[in-house]
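Below, each chain spelled out in residue letters.
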Amino acid sequence: MSPATRDLKVEALITAMADTIAAHADELTALDQAIGDGDHGANMKRGFEAIRAEAEQYAAKPLPDALKAMGTKLVMTVGGASGPLFGTLFMALGKELSGIVDRAGFAAALGRAIDAVAARGKSQAGQKTMLDVLYPVQQALAEGKSADAIASVAAAAADATVPMKAIRGRASFLGDRSIGHMDPGARSTALLVAALVCQIGSKHD
Ligand code: ADP
Ligand code: MG
C-alpha cells in the first residue's frame, strides 16, 4: 500500500465518522435529554470535529499511532462520561493493533480494547451503555460477518438497549424510568460502526 493510499483511507474514515455524528447530533441530544443531561450530541460533535480539523496530521501516522492520537483528542474534547470511554477505546485499539494485519487479529485486538473500556467504566454488557453495542459488533467481526451484517448487528444492538434498565452512567440515576429509551452512547457507537464498516467494506469490494 502506498503512503498516499494509506493517508486517503484514514482521512476517509475520519470524514465518515465526523459526518455521521454531525448529521445525528440532534438525535443523540434528544436521546440524552430523555435519560441523561442532553449533552451527548454536542459532546460527540465537538470531539469528532476536533479530529476532523486535524485529519491530515492523523493520516500521516501509521494506523496504530493515528488511533492513539485520536483517542487522546477524544478524551480532551468530548468530555462527560463518554469522552474518556471513547478515548480509551481508540487509544487501546491503537496499542493492541501494533503489528496486526489480518481480520482475526483485528477482532481480537478490538476485544481487548473493549475490555479496557469496560475496566475504565467499571461496567459490563447488559447495563445499557455503549458496551451493549461494542461487544456484539466485536463478536460479529470475529465470526467473519460482512460489513453490512456488522452494521445491522450494531443497529439491532442499539435498539436492544431500549428495554434495558441503566446500571451505569447518568441514566442509572433514573432507575426503572430509564427503561423504554435507547441509550445515547449505544446509538452513537452504532453510528460510528456503520460509518467504519462502510469505509472498510468499500475498500475490499
Ligand atoms: P454524561 O453521561 O457524562 O453526560 P455523555 O452524555 O456524553 O456523558 O455520554 C453518555 C453515554 O456514555 C451513555 O449513554 C453510555 O453509553 C456511556 N456511559 C456512561 N457511563 C458509562 C460506563 N460506566 N460504562 C460504559 N459506558 C458508559
Ligand atoms: Mg450526557
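## Describing the coordination of the magnesium ion (ligand 2)
Working step 1: Around the magnesium ion (ligand 2), the protein contributes the donor atoms Asp-32 (OD), Asp-37 (OD) and Asp-39 (OD), at 2.0 to 2.2 Å from the metal centre.
Working step 2: Mapping the donors of the magnesium ion (ligand 2) onto the primary sequence yields the spacing D-x4-D-x1-D.

## A closer look at the side chain of Thr-129
Working step 1: Among the secondary structure elements, Thr-129 is positioned in the loop between α7 (103-121) and α8 (131-142).
Working step 2: Overall, Thr-129 belongs to the buried group, its relative accessible area being 12%.
Working step 3: Apart from the residues within four sequence positions on either side, Thr-129 is in contact with Arg-168, Asp-183 and Ala-186.

## Let's talk about the layout of surface pockets
Working step 1: The computed volume of the second largest pocket comes to approximately 550 Å³.
Working step 2: Forming the boundary of the second largest pocket are 27 residues, of which Ala-81, Ser-82, Leu-85, Gly-169 and Arg-170 lie nearest the centre.
Working step 3: Those elements giving two or more residues to the lining of the second largest pocket turn out to be α2 (25-35), α3 (40-53), α6 (82-97), α7 and α10 (184-204).
Working step 4: Classifying every residue of the lining of the second largest pocket gives nine nonpolar, 10 polar and eight charged.

## Regarding the site of ligand 1
Working step 1: Residues in contact with ligand 1 amount to 20 residues; listed here are only the nearest, Asn-43, Ala-81, Ser-82, Ser-123 and Asp-183.
Working step 2: A distance of 3.0 Å separates an oxygen atom of ligand 1 from a polar side-chain atom of Asp-32.
Working step 3: Measuring from an oxygen atom of ligand 1, one finds a backbone N or O atom of Gly-185 at 2.9 Å.
Working step 4: Considered on its own, ligand 1 offers 570 Å² of accessible surface; in the complex 93% of this is hidden by protein.
Working step 5: When atoms are counted within 2 Å of each cavity's grid points, the one that captures over half of ligand 1 is the second largest pocket.
Working step 6: Of all the secondary-structure elements, those providing two or more residues to the shell around ligand 1 are α3, α6 and α10.
Working step 7: The biggest single contributor to the shell around ligand 1 is α10, with three residues.
Working step 8: Residue composition of the shell around ligand 1, grouped by class: five nonpolar, nine polar and six charged.

How each quantity is defined
- Residues numbered from 1 in each chain as written.
- Chains lettered and ligands numbered in written order.
- Predicted model: local features only at pLDDT ≥ 70, side-chain atom pairs only at ≥ 80, totals over all residues.
- Heavy atoms only, no water.
- Donors = N, O, S within 2.8 Å, 3.2 Å for Na, K, Ca; no water.
- Helix = DSSP H or I, 4+ residues; strand = E, 2+ residues; numbered from the N terminus.
- Buried < 20%, exposed > 50% of the residue type's maximum accessible area, 1.4 Å probe, protein only.
- Contact = heavy atoms within 4.5 Å.
- 1 Å grid on protein atoms, 1.4 Å probe; cavity = no way out; pocket = protein on both sides within 12 Å on 5 of 7 lines; lining within 4 Å.
- Points joined across faces, edges and corners; volume = space filled by probe spheres on them.
- Nonpolar A, V, L, I, M, F, W, Y, C, P; charged D, E, K, R; others polar.
- Near = heavy atom within 4 Å.
- Polar contact = N/O pair within 3.5 Å; in protein donor to acceptor, adjacent residues only side chain to side chain.
- Areas by Shrake-Rupley, 256 points an atom, 1.4 Å probe, with all protein chains shown as cover.
- Sits in = over half its atoms within 2 Å of the grid points.

Read these as geometric descriptors, not functional statements.
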